[in-house]
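Here is how the chains run, residue by residue.
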Amino acid sequence: QVQLVESGGAWVQAGGSLRRSCAGSGRTFSTYALGWSRQAPGKERECVAAINWSGGRTYYEDSVKGRFTISRDNAKNTVYLQMNSLKPEDTAVYYCAARFSLGVVVTAREYDYWGQGTQVTVSS
């Protein structure tokens, strides 16, 4: 089992950048696939970025490609989401998530463990 605790910026003007961090517990953190999902009001939770155990494979949802970057540091048990060129439509509650898997997990409902979630607001 792994526990995830998120931190980082939560408000920015359009065009700006934010970095989210998510620290995990447990000695087997490196064996988990990790991802970042978001949920806007009235919409389903969607996975916007995912990374495999080694960091060698990543996935991005089309609307964030070229703007968001997911990375992980297994020595620090941490996964990051760098968000650049933010738009008002990126406003949502963002969650980090983990699943025991060696692959890339690209669907939010497949994740087993979740961070607490943080409201990210991009102001126009």
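Since this is a predicted model, take the numbers as computed values, not measurements. (Residues numbered from 1 in each chain as written. Predicted model: local features only at pLDDT ≥ 70, side-chain atom pairs only at ≥ 80, totals over all residues. Heavy atoms only, no water.)

Novice: Explanation requested: the overall build of the protein chain in the structure shown.
Specialist: Regarding its fold elements, the protein chain presents 0 helices and 11 strands. Secondary structure of the protein chain in N-to-C order comes out as β-β-β-β-β-β-β-β-β-β-β. In summary, the protein chain has a C-alpha radius of gyration of 13 Å against a globular reference of 14 Å for 124 residues, a match within 12%. Over its C-alpha atoms, taken along the principal directions, the protein chain stretches across nearly 40 × 25 × 25 Å. Out of the 124 residues belonging to the protein chain, those deemed buried represent 43%. Surface accessibility of the protein chain: about 6300 Å² in total, with carbon and sulfur atoms responsible for 46%. A gap of 5 Å separates the mean positions of the 14 positive and 10 negative side-chain charges of the protein chain. (Helix = DSSP H or I, 4+ residues; strand = E, 2+ residues; numbered from the N terminus. Rg over C-alpha atoms; globule rule 2.2 N^0.38 Å. Buried < 20%, exposed > 50% of the residue type's maximum accessible area, 1.4 Å probe, protein only. Areas by Shrake-Rupley, 256 points an atom, 1.4 Å probe, with all protein chains shown as cover. Lys, Arg positive; Asp, Glu negative; His and termini not counted. Charge placed at Lys NZ, Arg CZ, Asp CG, Glu CD.)

Novice: Looking at this structure, I do not really get the state of the cysteines. What am I missing?
Specialist: The term disulfide refers to a covalent linkage connecting the sulfur atoms of a pair of cysteines. Enumeration over the complete set of coordinates arrives at 1 disulfide. Each sulfur in the disulfide pair Cys22 and Cys96 lies 2.0 Å from the other. Classification of the bridge connecting Cys22 and Cys96 rests on its S-S torsion, roughly 50°, and on that basis the disulfide is right-handed. You can see Cys22 sitting in strand β3 (residues 18–24) and its partner Cys96 sitting in strand β9 (residues 92–100), a full 74 residues away along the chain. One exposure class covers both Cys22 and Cys96, and it is buried. Cysteine Cys47 remains unbridged, with the sulfur of Cys96 as its closest cysteine sulfur at 12 Å. (Disulfide = S-S within 2.5 Å.)

Novice: Explain the pairing of β9 here, please?
Specialist: Regular strands place side chains that alternate from one sheet face to the opposite one. Here strand β4 (residues 32–39) pairs with β9 via 8 bridges, running antiparallel. Note on β9: the bridge partner recorded for Tyr32 is Phe100. For β9 and strand β11 (residues 118–123), the ladder comprises 3 bridges, and the chain directions are antiparallel. Its bridge partner being in β11, Tyr94 is matched across the sheet by Thr118. Sheet topology places β9 next to strand β10 (residues 113–114); 2 bridges connect them, and they run antiparallel. By the bridge assignment, Ala98 is partnered in β10 with Tyr113. (Pairing = 2+ DSSP bridges.)

Novice: What am I meant to see in the packing of aromatic side chains here?
Specialist: Each aromatic ring pair is summarised here by two numbers: the centre-to-centre distance and the angle between the ring planes. Summed over all chains, the structure comprises 4 aromatic pairs. By the ring-pair criterion, three or more aromatic residues cluster together here, those being Tyr32, Phe100 and Tyr113. In this arrangement the basic side chain of Arg19 is found over the ring face of Tyr80, its NZ or CZ atom lying 4.1 Å from the centre. Its guanidinium or amino end placed over the ring of Trp114, Arg45 lies 4.6 Å from that ring's centre, counting from NZ or CZ. (Phe/Tyr/Trp six-rings, centres within 6.5 Å; stacked < 30°, edge-to-face > 60°. Lys NZ or Arg CZ within 6 Å of the ring centre and 35° of its normal.)

Novice: Would you mind going over the pattern of salt bridges with me for this structure?
Specialist: As a working rule, side chains carrying opposite charge can pair if their charged atoms are close by. Throughout the structure, instances matching the rule amount to 6 salt bridges. Measuring nitrogen to oxygen at the nearest pair gives 2.9 Å for the salt bridge that ties Arg38 to Asp90. Here the residue Arg38 occupies a position in strand β4, and Asp90 occupies one in the loop between β8 (78–83) and β9, the gap between them amounting to 52 residues. Residue classification places Arg38 among the buried residues on the basis of a relative accessible area of 7%. A salt bridge links Lys65 to Asp62, with the nearest nitrogen and oxygen atoms 3.1 Å apart. (Salt bridge = Lys/Arg side-chain N within 4 Å of Asp/Glu carboxyl O.)

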